[in-house]
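One-letter residues, chain by chain:
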Amino acid sequence: MNAPTKKFRIWAQGATDQIGHRSYLSHLLPHMQACLDPAFELNFHTITPSVTTVHALSEFRFSREVIKGALQAEQDGCDVFFMNHFQDVGLYDARASVNIPVLGLGETTMLHACTLGRRLGLIAINPAFIPTHADQVARYGLQQRVAGIRCINANISDYMEAFTSPEKKAELGAIFQREARRLMDAGADVIVPTGGIPMMLFGAEPGANVDGAPIVNGVTVVVKAAEMAVKLRQLDGLMPSRVPHSGFALPSAQTLAEFHQHS
């Protein structure tokens, strides 16, 4: 008998936990598994406590989990790492720390969305994230491709309720569509919900759109991009630039040891 073919392994890092976000995860995790090519397996990692507050300190705390997760993923023999967190905190630091591909939900989603239209409209889950997303747009060089950033003024409990309550989902959905149309009035022709939660609420249905403007489900995009990163590495062997001025030069043994000892 032939030995079973070894599957490529994806480490998916969430900013969620199994208790506080269970209604979201009950939709997210089956969707991720349904997206997978048979040659891949995906393990989703949560954190406790999760990122439940909209504050820079919470984002900083998660960025450490991203870096540690990428290092552990490489050590465990995973082929690719991605974070399912649109803000992409720790993305560049993690990419500079390991030799496996490292992807972020935000960067991957926005770059793919650029292939679907001329200008993007971003809808944040909370007003506090608008400056963060504006920074991301600048970091990725997309100022001319983003028509604007708007938001839904809601909290995490509202979103979790929306996964189990059709009435709450309809309430938030009406706000989402209102903000999407305002972005379209400003020139957007592609709508990007800025997070896995709104992506699964408003963009999970095939062909989801607002008046013809596609709603990008970046969860699907980042899973398939992770697979593509592995397959491209097999074909061309390319890795991130390691020249000093790229910011992605790999750490020395001393740097790694100090990080492990003091983080």
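Before reading on, note that the structure itself is shown above.
Cut-offs used in this document
Once a new chain begins, its residue numbering starts again from 1 and follows that chain's sequence as written. Under the rules for a predicted model, residues below a pLDDT of 70 receive no local features and side-chain atom pairs below 80 are neither given nor counted, while totals for whole chains, interfaces and linings still include all residues. For side-chain calculations, the full set of non-hydrogen atoms in the structure is used, while hydrogens and water are omitted. In this text, helices come from DSSP runs of H or I with a minimum length of four residues, and strands from runs of E with a minimum of two, each type numbered from the N-terminal end. Should any heavy atoms of two residues lie within 4.5 Å, those residues are considered in contact. Patch members must show over 30% relative accessible area and no salt bridge, and they are joined within 9 Å when carrying like charges or within 5 Å when they are nonpolar side chains of Val, Leu, Ile, Met, Phe, Trp or Tyr. Only the protein chains shown count as cover for residues, and the accessible areas themselves come from Shrake-Rupley with a 1.4 Å probe. Here, a salt bridge means any Lys or Arg side-chain nitrogen found within 4 Å of an Asp or Glu carboxyl oxygen. With a 1.4 Å probe rolled over the protein chains alone, any residue whose accessible area is under 20% of its type maximum counts as buried; one over 50% counts as exposed, and the rest are partly exposed. Any pair of Phe, Tyr and Trp rings, taking the six-membered ring for Trp, is counted once the centres come within 6.5 Å. Such a pair is stacked with planes under 30 degrees apart, edge-to-face with planes over 60 apart, and tilted for the rest.

### Observations concerning the environment of His-112
Considering the arrangement of structural elements, one finds His-112 in helix H4 (residues 105-113). Once the C-alpha coordinates of His-112 and Pro-206 are considered, the two residues, 94 residues apart in sequence, prove to be 16 Å apart. With near-sequence residues (within four places) excluded, His-112 lies in contact with Val-216 and Val-221.

### So, a nonpolar patch on the surface
Residues Met-228, Leu-232 and Leu-235 make up a contiguous nonpolar surface patch of about 340 Å² in total accessible area. What makes Leu-235 exposed here is its relative accessible area of 73%.

### Brief notes about the side chain of Asp-158
Counting through the fold element by element, Asp-158 comes out in helix H6 (residues 156-162). Sequence-distant contacts of Asp-158, defined by excluding residues within four places in its chain, comprise Lys-168 and Leu-172.

### A look at the side chain of His-133
Of note, His-133 is situated in helix H5 (residues 130-139). For His-133, the residues in contact, after removing those within four places along its chain, are Phe-86, Gln-87, Leu-122, Ala-124, Ile-149 and Thr-194.

### Concerning the packing of aromatic side chains
The full count for this structure, using the stated rule, is four aromatic pairs. Aromatic side chains Phe-8 and Phe-40 sit 5.1 Å apart centroid to centroid with 35° between the ring planes, which places their arrangement in the tilted category. Of this pair, Phe-8 sits in strand S1 (residues 8-13) while Phe-40 sits in strand S2 (residues 40-45); the two residues are 32 residues apart in sequence, bridging distant segments of the chain. Taking the relative accessible area as the measure of exposure, Phe-40 reaches 3% and is therefore buried. Measuring from ring centre to ring centre gives 4.5 Å for Phe-176 and Phe-202, while their planes differ by 25°; the resulting arrangement is stacked. Here the residue Phe-176 occupies a position in helix H7 (residues 166-185), and Phe-202 occupies one in helix H8 (residues 196-202), the gap between them amounting to 26 residues. Here Phe-176 matches Phe-202 in class, with each residue buried.

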